[in-house]
Amino acid sequence: EIIFENIFMVSADARMDMFSPEFNPAAPKHMNTQGKTDQANVYLDIPDEELRENGGYAITQIANHVHVIWNSADAALDIRELFQVGYGENVRRALGKVGDESETLTELPYFQERVTYHDFSNMGIPFPGHEYQFDQIAVDVYAEFKSDKNTVATTSRFNTLRANANVD
């Protein structure tokens with residue numbers, strides 16, 4: 001069920017292949033992608049608990065569109081890459097730092113229609129380049145893609161309301 005019009009993944013501390021075909025076998029495939037994403041395989045040799053498949057697909061099941069806002073100079077994600085799972089091939093590169101490489105892995109038309117990458121690498125974000133979610137340049141992106149609807153997620157646990165949405 002779609003709950004959000006947009007989800008903004010800013011400085012995302014998430015695997016860089018979040019929207020690749022290999023990581024999302026349940027995602028609809030509108031074209032043959034077999035053999036076209038070999039470069040993603042280097043990121044799959046990580047602990048089992050970090051290999052929960054279909055993470056990107058799950059996100060697109062609750063939102064109409066995903067915006068990945070990334071910064072190649074994000075020093076906080078450099079540190080994350082050092083300590084998350086180790087060095088070398090086992091380092092799980094961060095989506096919030098290598099959005100350009102992640103976009104290359106976003107090969108399925110299903111994700112290409114639902115995921116937009118915004119490169120903030122040359123925006124003058126001060127060191128450590130990670131906490132820019134409330135900077136005006138990010139706010140401008142949120143405003144540009146603001147929905148006309150004011151939809152709020154509902155759950156019985158948090159007892160919130162879904163405003164301006166059809167509720168069955």
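So, how was this worked out
In this convention, every chain numbers its residues from 1, walking through the sequence in written order. With pLDDT at 70 or above as the cut-off, local features in this predicted model cover only qualifying residues; side-chain atom pairs require 80 or more to be listed or tallied, and sums for whole chains, interfaces and linings still use all residues. Only hydrogens and water are set aside; all other atoms, that is, all heavy atoms of the structure, feed into the side-chain values. Only DSSP runs of H or I covering at least 4 residues are called helices, and only runs of E covering at least 2 are called strands; the numbering of each starts at the N terminus. Burial classes: relative accessible area under 20% of the type maximum marks a residue as buried, over 50% as exposed, and values in between as partly exposed (1.4 Å probe, protein chains only). By the convention used here, residues are in contact when the closest approach between their heavy atoms is within 4.5 Å. Computed by Shrake-Rupley with a 1.4 Å probe, the accessible areas treat only the displayed protein chains as cover when residues are assessed. Throughout, nonpolar core names a set of buried Ala, Val, Leu, Ile, Met, Phe, Trp, Tyr and Cys residues whose side chains join them through atoms within 4.5 Å. To pair, rings of Phe, Tyr and Trp, with the six-membered ring standing in for Trp, must have centres within 6.5 Å; the planes then decide the type, stacked if under 30 degrees apart, edge-to-face if over 60, and tilted in the middle. Only lysine NZ and arginine CZ atoms are considered, and such an atom sits over a ring when it is within 6 Å of the ring centre and within 35 degrees of the ring normal. As a per-residue quantity, pLDDT reports the predictor's confidence and falls between 0 and 100. Any pair of nitrogen or oxygen atoms within 3.5 Å is treated as a polar contact; in protein, a donor-acceptor pairing is required on top of that, and neighbouring residues in sequence qualify only through side-chain atoms on both sides. The pairing criterion is simple: DSSP has to find at least two bridges between the two strands. Angles run from 0 to 180 degrees between N-to-C directions of axes, and those axes are lines fitted to C-alpha atoms, restricted for helices to the stretch in contact.

So, on to the overall build of the protein. When its secondary structure is counted, the protein shows 5 helices and 3 strands. In the protein, the succession of α and β elements from N to C terminus is β-α-β-α-α-α-β-α. Among the 168 residues that make up the protein, the fraction classed as buried is 42%. Partitioning the contacts of the protein with sequence separation of at least 6, the portion at a separation of at least 24 is 77%. A total of about 9700 Å² of accessible surface is found on the protein, and carbon and sulfur atoms cover 50% of it.

With that settled, the discussion passes to the nonpolar core. Judged by nonpolar contacts, the single largest core of 20 residues is most densely connected at M9, F19, V68, L95 and F111. If you list the elements that add at least two residues to this core, you get β1 (4-10), α1 (55-60), β2 (63-70), α4 (109-112) and β3 (115-119). When residues of this core are assigned to their parent elements, the largest contribution, 4 residues, is made by β2. Excluding residues within four positions of it along the chain, L95 makes contact with M9, A12, A14, R15, M16, M18, F19, V68, W70, S102 and Y117. Within the second largest apolar cluster, 7 residues are counted, among which are I69, F120, I125 and A138.

This part covers the packing of aromatic side chains. Taken as a whole and assessed by the stated rule, the structure comprises 5 aromatic pairs. Geometrically, the ring pair formed by Y110 and F111 is edge-to-face, given 5.2 Å between the ring centres and 75° between the ring planes. A cation sits over an aromatic face here: R15 above F23, 3.7 Å from the ring centre.

Glancing now at unusual backbone geometry. The residue after F127, namely P128, is reached through a cis peptide bond having omega 10°. When you line up the elements, P128 lands in the loop between β3 and α5 (136-144). Although it is not a glycine, S11 adopts a positive phi angle of roughly 55°. Within the secondary structure layout, S11 lies in the loop between β1 and α1. With relative accessibility at 6%, the residue S11 sits in the buried group. With a phi angle near 70°, N54 is a residue other than glycine that sits in the positive phi range. Mapped onto the elements of the fold, N54 is located in the loop between β1 and α1.

Take the confidence of the model for the protein next. The predicted model of the protein averages 75 in pLDDT, with 68% of residues at 70 or higher. Ranking the helices and strands of the protein by mean pLDDT puts β3 first, with 97, and helix α2 (residues 75-83) last, with 81. Counting contacts from residues 32-45, a segment whose pLDDT is below 50, to residues more than four positions away or on other chains yields 25 contacts. Of the regions scoring below 50 in pLDDT, residues 150-168 engages in 18 contacts with residues more than four places distant in sequence or in other chains.

The next thing to look at is the side chain of S102. Note that S102 resides in helix α3 (residues 99-105). Engagement of the side chain of S102 in a polar contact is seen with the side chain of Y117, the distance being 3.1 Å. Residues contacting S102, with those up to four places away along its chain left out, are M16, L95 and Y117.

Pairing is parallel across the open sheet formed by 3 strands, whose spatial order is β1-β2-β3. Strand pairing shows two members of the sheet lacking a second neighbour, β1 and β3, which therefore form its edges. If you compare each strand with its neighbour and ignore which way they point, the axes differ by 20° on average. Where β1 and β2 come together, 6 bridges link them in parallel fashion. Paired with N6 across the bridge in β2 is H65.

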